Amino acid sequence: MNSEQHSIIERVRERIRGDQAVLGGRAVVPDDVRRLALAEIRRHNDYALARGSRTVDDLDAAARDVVAAVAGYGPLQPLLDDASVEEIWLNSSSEVFVARAGASERVAMELTDDQVRDIVERMLHTSGRRIDISQPFVDASLPDGSRLHVVHGGIARGGWAVNIRKFLPNVGSLDRLVELDSLPQRVADLLGEAMRDGRSVLVSGATHAGKTTLLGALVSACRPEQRIVTVEETFELSVDAPDLVAMQGRQPSLEGTGEITLRRLVKEALRMRPDRLVIGEVRDAEALDLVLALNTGLPGAATIHANSAADALVKLSALPLLAGRNIDREFVLPAVAGSLDLVVHCARTSSGARYVEEILEPTGETAGGAAVTRTIYRARSESASPRRRSARAA
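An account of the accompanying structure is given in this report. Predicted, not measured: the structure shown is a model, and the values here were computed from it. (Residues numbered from 1 in each chain as written. Predicted model: local features only at pLDDT ≥ 70, side-chain atom pairs only at ≥ 80, totals over all residues. Heavy atoms only, no water.)

**Details of the packing of helix α12 (residues 309–318) against helix α13 (residues 329–339)**
Filter applied, for reference: Between the N-to-C directions of two axes lies an angle of 0 to 180 degrees, each axis being a line fitted to C-alpha atoms and, for a helix, fitted only over the stretch in contact. To qualify as a helix, a DSSP run of H or I must reach at least 4 residues; to qualify as a strand, a run of E must reach at least 2; elements of each kind are numbered from the N terminus. Note that the term roughly parallel is reserved for angles under 35 degrees, roughly antiparallel for angles over 145, roughly perpendicular for angles of 65 to 115, and oblique for everything else. Here a crossing is called left-handed whenever its near helix is offset anticlockwise from the far helix by less than a right angle, and right-handed whenever the offset is clockwise. Whether two residues are in contact is decided by their heavy atoms, any of which lying within 4.5 Å being enough. All amino acids are sorted into three groups, where Ala, Val, Leu, Ile, Met, Phe, Trp, Tyr, Cys and Pro are nonpolar, Asp, Glu, Lys and Arg are charged, and the leftover types, Gly among them, are polar.
Where α12 contacts α13, the two axes come as close as 8 Å, and the packing angle between them is 135°. When the axis of α12 is compared with that of α13, the two are oblique. For the pair α12 and α13, the crossing hand works out as right-handed. Only Arg329, Val332, Leu333 and Val336 of α13 make contact with α12, whose side of the interface consists of Leu313, Val314, Leu316, Ser317 and Ala318. For the contact of α12 with α13, the class distribution of residues is seven nonpolar, one polar and one charged.

**Considerations on the sheet that holds strand β4 (residues 137–141)**
Inclusion rule: One requirement defines pairing of two strands: DSSP has to find at least two bridges between them.
Spatially, six strands are ordered β3-β2-β1-β6-β5-β4 in an open sheet, and the strand pairing comes out antiparallel. Taken across any chain shown, the strands that pair with only one partner, and hence form the sheet edges, are β3 (103–107) and β4. Averaged over all adjacent pairs, the angle separating strand axes in this sheet is 15°, with direction ignored. Pairing between β4 and strand β5 (residues 147–151): five bridges, direction antiparallel. Note on β5: the bridge partner recorded for serine 141 is arginine 147.

**Notes on helix α6 (residues 113–125)**
Our working definition: Residue count minus one, scaled by 1.5 Å, sets the expected span of a helix. Only protein chains enter the accessibility calculation, which uses a 1.4 Å probe. A residue is then buried if its area is under 20% of the maximum for its type, exposed if over 50%, and partly exposed in between. When we speak of the arc, we mean the arc of directions from the helix axis to the C-beta atoms.
For α6, which comprises 13 residues, the first-to-last C-alpha distance of 18 Å matches the rise-based estimate of 18 Å (1.5 Å per residue) to within 8%. Burial in α6 covers these residues: Val116, Ile119, Val120, Met123 and Leu124. End-on, the buried residues of α6 take up no more than an arc of 130°, which puts them together on one face. Opposite its buried face, α6 presents the exposed residues Asp114 and His125, each directed more than 90 degrees away. Contacts from the buried residues of α6 go to α5 (77–81), β1 (87–92), β4, β5 and β6 (161–165).

**A short note on the sheet that holds strand β9 (residues 244–248)**
In spatial order, the strands read β9-β8-β10-β11-β7-β12-β13-β14; together these eight strands make up an open sheet with mixed pairing. The open sheet has two edge strands, β9 and β14 (370–378), and neither has a second partner. Adjacent strand axes in the sheet meet at a mean angle of 20°, parallel and antiparallel pairs treated alike. Pairing of strand β12 (residues 342–348) with strand β13 (residues 354–367), which is carried by six bridges, proceeds in the antiparallel orientation. Residue cysteine 346 lies in a different strand from β13, and its bridge partner there is valine 356. Packing against the sheet, helix α10 (residues 262–269) makes contact with β8 (228–232), β9 and β10 (276–279), and its axis sits at approximately 170° to β8.

Here it is as structure tokens:
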């Protein structure tokens, strides 16, 4: 950013703070900032011509830069606006990467530490969450639904580490996933029927394999009269449903109070007359509450990190033990085997393509300390071809 741009941005900020005649007392929106930016750029050019100094030639480009700096997220705004970018991450102020179609690439961009700090603070402004040396990690949702994760510079070597997983609403249905070659039509029909029939489905996979995207598409396939309650640590799910309540957790305050955990949200969700309970990701003792809910006949859906569908069942049988209180595997294993109807495993190729690799159906029986299952779908070898297009992972 040159000195001319910096002075224009500062004047626009000053006018936003004080020019109520222009804004009429309304909340500042990008159109307001663009109008003020164009006025200040023209003013700058008038003074520059009179002094014989350099003028701004591309008014539109300069106005975009001002809007990004004042109402957007600075140098990262063009990446956020780029529909081909799925995820953005900063390992430091001078190392910026993006993911397109599941493949990562480094971007020719260098920021300063102050710019990164300013961008993070603006991103957190609307979320009500904070980050500082006493609370050096934060998960938050941006206004457009994108997920933000930040590690404070006092913890990460080289400065603040930032991840932005963009919200891409174009992947919101099983039919769309079929178009993207993530699964064949017959499998989409099978999964859609399972959701409409009120069956419980667990979606497994590694990080960035497309679990949350698939879960959102599955929930969107439920019958319209079903009341759906979703709980997440941070809002990520994109669900199209007429009767939906979505809740997210909350971090503790500076005094260590006010935390709302997933376990608390699950218990509250059960009091809200759900026809289906959805947990964005099961990773801790909330697995016990999920299993107990499923065993009352309430249909559920969730994601879990695992290397295979079989491993997902093993993990879901182990996580409830973290709840303690005399919970043992002899109770949990049969409960899991008897309450889950399908386990759908997602995978990703080396080129970044995401697809449904296999679907297991628990029989309700256990043997040798594991749930007995039968395979009802396994992707053929060409399913993992790098030529396959990719749905955005979550």
